[in-house]
Amino acid sequence: METSTEGATRPDISPAGPGEAVDTVVVAGPPAAPPVSLSPSRASDFMQCPLLYRFRVIDRLPEKPSEAATRGTLVHAVLERLFDAPAGDRTVPRAKALIPGQWDRLRESRPEVAQLFADDPEGERLARWLTEAEALVERWFTLEDPSRLEPAERELFVEAELDSGLRLRGIIDRVDVAPTGEVRIVDYKTGKAPRPEYAEGALFQMKFYALVVWRLKKVVPRRLQLVYLGSGDVLTYDPVLADLERVERKLLALWEAIRRATETGDWRPRPTKLCGWCDHQAHCPEFGGTPPPYPLPLRAPESGGAEQGRMGPD
């Protein structure tokens, strides 16, 4: 699960392929300021819809928590905490037993999630929701054996500055390091695996992380691994240096488009099927809404500029 550090508080999962829950909760933050870094979530936002990026990063509009997003956060917390136990104690019953306590901690740290079940006085929906979380945790044991894993890092914050000055940052769910020094980056997804034609989009986040690790450690990760708890699939990819160089070029072009939009205020909506789940329809021109007044200084747009957010070939 990727956590953005730009205008949002944890958790924040970038929009993924069809079938994958979009785990994003954004809380209004300090006054607007130009973006200074890029995470996988925010890069995906801009590629999906520049106006969505603006709402989340520039305007910092609040977004309601969802059951799917919050369940994903809970499951991630359980999988992280399970590795606190000795290898032999990392069992299904122990993992399930962690759920109530992690739910309590989540409600304490994020009081807004309590509203999800405000209309459930008997607790029936909450009970079903917790049972669904248990099923996701249990499925993980059919995909990986935690008794045979000793992660080098969990919930690892990474940040690197490219030669251009662009800062890349994010949080990696798990980093495994083999005795030979080979690195595996692992990310948990509580939704379903995307169809093959969407696999490249799903791997974008992982290649982003691999680029940051390479920049920090001068090591190309041996494997990128997405664990889909919703469907019981594991998607792996073994990157090479050329992959990371292509991602870097793409991110630099993306950042330039973000810079132009920030300076001109030209954040164009890009309608897709995902619009139906967007919290910002009231502010979106595609739905008859009006964006808030732009909170940053503007300059006149350059003539002949490319459409915002369009990426050329890698």
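Residues numbered from 1 in each chain as written. Predicted model: local features only at pLDDT ≥ 70, side-chain atom pairs only at ≥ 80, totals over all residues. Heavy atoms only, no water.

A. Main features of the confidence of the model for the protein chain. The share of residues in the protein chain with pLDDT of 70 or more is 86%, and the mean pLDDT across the chain is 88. Confidence over residues 2-28 falls short of pLDDT 50; this stretch has 100 contacts with residues more than four positions distant or in other chains. This model gives residues 305-314 a pLDDT under 50, and the stretch forms 22 contacts once residues within four places in sequence are excluded. (pLDDT = per-residue confidence, 0-100. Contact = heavy atoms within 4.5 Å.)

B. The environment of Val212, seen in detail. Mapped onto the elements of the fold, Val212 is located in helix H6 (residues 199-217). Judged by relative accessible area, Val212 falls into the buried class, the value being 1%. Sequence-wise, Val212 and Arg167 are 45 residues apart; in three dimensions their C-alpha atoms are separated by 9.5 Å. When neighbours within four sequence positions are excluded, Val212 is seen to be in contact with Val158, Glu159, Ala160 and Leu168. (Helix = DSSP H or I, 4+ residues; strand = E, 2+ residues; numbered from the N terminus. Buried < 20%, exposed > 50% of the residue type's maximum accessible area, 1.4 Å probe, protein only.)

C. Inspection of the pairing of strand S4 (residues 183-189) at higher detail. The buried count for S4 comes to six of seven residues, which makes it a mostly enclosed element. Between strand S3 (residues 167-177) and S4, which follow one another and run antiparallel, lie five residues, and Gly181 among them has a positive phi close to 95°. Direction of pairing for S4 relative to strand S5 (residues 223-228): parallel, over a ladder of six bridges. From the neighbouring strand, Arg184 faces S5, where its bridge partner is Arg223. (Pairing = 2+ DSSP bridges.)

D. Fine view of the packing of helix H1 (residues 40-48) against helix H7 (residues 241-264). Their axes nearest at 11 Å, the elements H1 and H7 cross at an angle of 65°. Between H1 and H7, the angle is such that the two are roughly perpendicular. You can see that H1 and H7 cross each other, and the crossing is left-handed. Contacts between H1 and H7 involve Ala43, Phe46 and Met47 from the former and Lys250, Leu251, Leu254, Ala257, Ile258 and Ala261 from the latter. Here the contact of H1 with H7 is composed, by residue class, of eight nonpolar, no polar and one charged. (Axes fitted to C-alpha atoms, helices over the stretch in contact; angles between N-to-C directions. Parallel < 35°, antiparallel > 145°, perpendicular 65-115°, else oblique. Left-handed = near helix turned anticlockwise from the far one by under 90°. Nonpolar A, V, L, I, M, F, W, Y, C, P; charged D, E, K, R; others polar.)

E. Broad picture of the pattern of salt bridges. On inspection of all chains with the given rule, the structure shows 33 salt bridges. For Glu150, the salt bridge identified is with Arg90, shortest N-O distance 3.1 Å. Of the two residues, Glu150 is situated in the loop between helix H5 (124-143) and strand S2 (153-161) and Arg90 in the loop between helix H3 (67-82) and helix H4 (92-109); the sequence distance between them amounts to 60 residues. Its relative accessible area of 55% is what places Glu150 among the exposed residues. Within this structure, Glu256, Arg259, Arg260, Glu263 and Arg299 form a network of salt bridges that share partners. (Salt bridge = Lys/Arg side-chain N within 4 Å of Asp/Glu carboxyl O.)

F. Quick peek at the pairing of S5. With five of six residues buried, S5 lies mostly within the body of the structure. At this point the chain moves from S4, through H6, to the parallel S5, and the crossover so formed is right-handed. In this structure, S5 lies alongside strand S6 (residues 233-237), joined through five bridges in antiparallel fashion. Counted as the bridge partner of Tyr228 is Asp233 from S6. Taking the residues between adjacent antiparallel strands as the criterion, S5 and S6 are bridged by four residues, where Gly232 takes a positive phi near 75°. (Right-handed = clockwise from strand over helix to strand, strands pointing away.)

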